[in-house]
Amino acid sequence: MDSFVEYTVELLEKLGPVQARRMFGGWGLYFGGRMFGLIGDGQLYLKTDEVSRPEFQAAGCRPFVWEGGGQRIEMSYWTPPADASDDAYALLPWARRGVDAATRAALKKTPKKKAAAKKPPAKKAAAPRKATKTPAKKAPAKKPSAKKKPAAKKASIARKAKPSSHRR
């Protein structure tokens with residue numbers, strides 16, 4: 001880690017545990033797992049958004065500009081005010097604005113519930129269903145076995161076997 005990065009992390013100690021990670025020729029500054037700042041070309045930049053950017057602009061701060069492919073792209077990271085760059089207490093509220101902007105950005109990216117995203121919106125609200133018991137399945141009807149004779153045949157056999165009392 002270079003000396004300016006170490007110095008900046010020390011300035012940000014009042015914020016809490018800040019981590020610096022090397023990235024794209026510069027350094028990303030993380031708090032709570034979210035990138036809230038970056039260091040490029042020996043300069044600290046803090047994350048901004050539509051809520052915090054006007055405050056950075058009013059304080060005379062400058063945006064981080066990335067140049068690549070013949071284009072200049074203004075990023076959402078801005079320098080803190082000049083009087084806050086060497087004073088931990090003056091830098092703290094600006095760093096908190098960066099953390100807050102990073103938190104808001106993460107909340108915007110959070111996906112909605114998967115089930116809600118897959119289903120198309122309903123035209124009418126369905127009436128709540130009542131809990132019903134499902135009837136037990138009936139056992140299939142038993143087929144008569146081949147060995148048993150039907151009841152009608154049994155009766156006729158029984159008549160033939162019995163001696164008739166009319167005989168003398």
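Our structure's up above, just so we're on the same page.
Here is what the cut-offs are and how they apply
- Residues numbered from 1 in each chain as written.
- Predicted model: local features only at pLDDT ≥ 70, side-chain atom pairs only at ≥ 80, totals over all residues.
- Heavy atoms only, no water.
- Phe/Tyr/Trp six-rings, centres within 6.5 Å; stacked < 30°, edge-to-face > 60°.
- Helix = DSSP H or I, 4+ residues; strand = E, 2+ residues; numbered from the N terminus.
- Buried < 20%, exposed > 50% of the residue type's maximum accessible area, 1.4 Å probe, protein only.
- Lys NZ or Arg CZ within 6 Å of the ring centre and 35° of its normal.
- Contact = heavy atoms within 4.5 Å.
- Polar contact = N/O pair within 3.5 Å; in protein donor to acceptor, adjacent residues only side chain to side chain.
- Pairing = 2+ DSSP bridges.
- Core = buried A, V, L, I, M, F, W, Y, C linked by side-chain atoms within 4.5 Å.
- Axes fitted to C-alpha atoms, helices over the stretch in contact; angles between N-to-C directions.

**Concerning the packing of aromatic side chains**
Counted by the stated rule, this structure contains two aromatic pairs. When the ring of tyrosine 45 is compared with that of phenylalanine 64, the centres are 5.0 Å apart and the planes differ by 70°; the resulting orientation is edge-to-face. Residue tyrosine 45 is found in strand β4 (residues 43-47), and its partner phenylalanine 64 is found in strand β5 (residues 63-68); the two are separated by 19 residues along the sequence. Overall, tyrosine 45 belongs to the buried group, its relative accessible area being 9%. Taken together, a centroid distance of 4.9 Å and an interplanar angle of 70° make the contact between phenylalanine 56 and tryptophan 94 edge-to-face. With a gap of 38 residues between them, phenylalanine 56 in helix α2 (residues 53-58) and tryptophan 94 in helix α3 (residues 88-109) connect regions that are remote in the sequence. Tryptophan 94 carries the same exposure label as phenylalanine 56, and that label is buried. We note arginine 97 situated over the ring of tryptophan 94; from NZ or CZ to the ring centre the distance is 4.2 Å.

**Notes on the environment of glutamine 19**
For glutamine 19, the position within the fold is in strand β1 (residues 18-23). Considering only alpha carbons, one finds glutamine 19 and glycine 32, 13 residues apart in sequence, at a separation of 9.0 Å. For glutamine 19, the contacting residues outside a window of four places in its chain are Gly28, Leu29 and Tyr30. At 3.3 Å, the side chain of glutamine 19 forms a polar contact with the side chain of arginine 21.

**Examining the pairing of strand β3 (residues 34-40)**
Looking along a regular strand, one sees the side chains alternate between the two faces of the sheet. Counting buried positions along β3 gives six out of seven residues, so the element sits mostly inside the fold. The pairing of strand β2 (residues 26-31) with β3 spans five bridges and is classified as antiparallel. Looking across to β3, one finds that tyrosine 30 is bridged to methionine 35. Counting the residues in the hairpin turn of β2 and β3 gives two residues, including glycine 32, whose phi is positive at 60°.

**Here's the deal with the nonpolar core**
Residues Leu12, Leu15, Leu29, Phe36, Leu46 and Leu91 are the most contacted members of the largest nonpolar core, which totals 24 residues. Secondary-structure elements contributing two or more residues to this core are α1 (3-11), β1, β2, β3, β4 and α3. Ranked by residue count, the leading element in this core is α3, at seven residues. In terms of nonpolar packing, the next biggest core, distinct from the first, is built from six residues, Tyr30, Leu38, Tyr45 and Tyr77 among them.

**Digging into the sheet that holds strand β6 (residues 71-78)**
With antiparallel pairing, six strands are arranged side by side in an open sheet as β1-β2-β3-β4-β6-β5. Each end of this open sheet is capped by a strand with a single partner; those strands are β1 and β5. Across the sheet, the mean angle from the axis of one strand to that of its neighbour is 35°, orientation sign disregarded. Bridge count for β4 against β6 is two bridges, and the pairing is antiparallel. Its bridge partner lying in β6, lysine 47 is registered against tyrosine 77. Across the sheet, α3 is in contact with β2, β3 and β4; its angle to β4 comes to roughly 50°.

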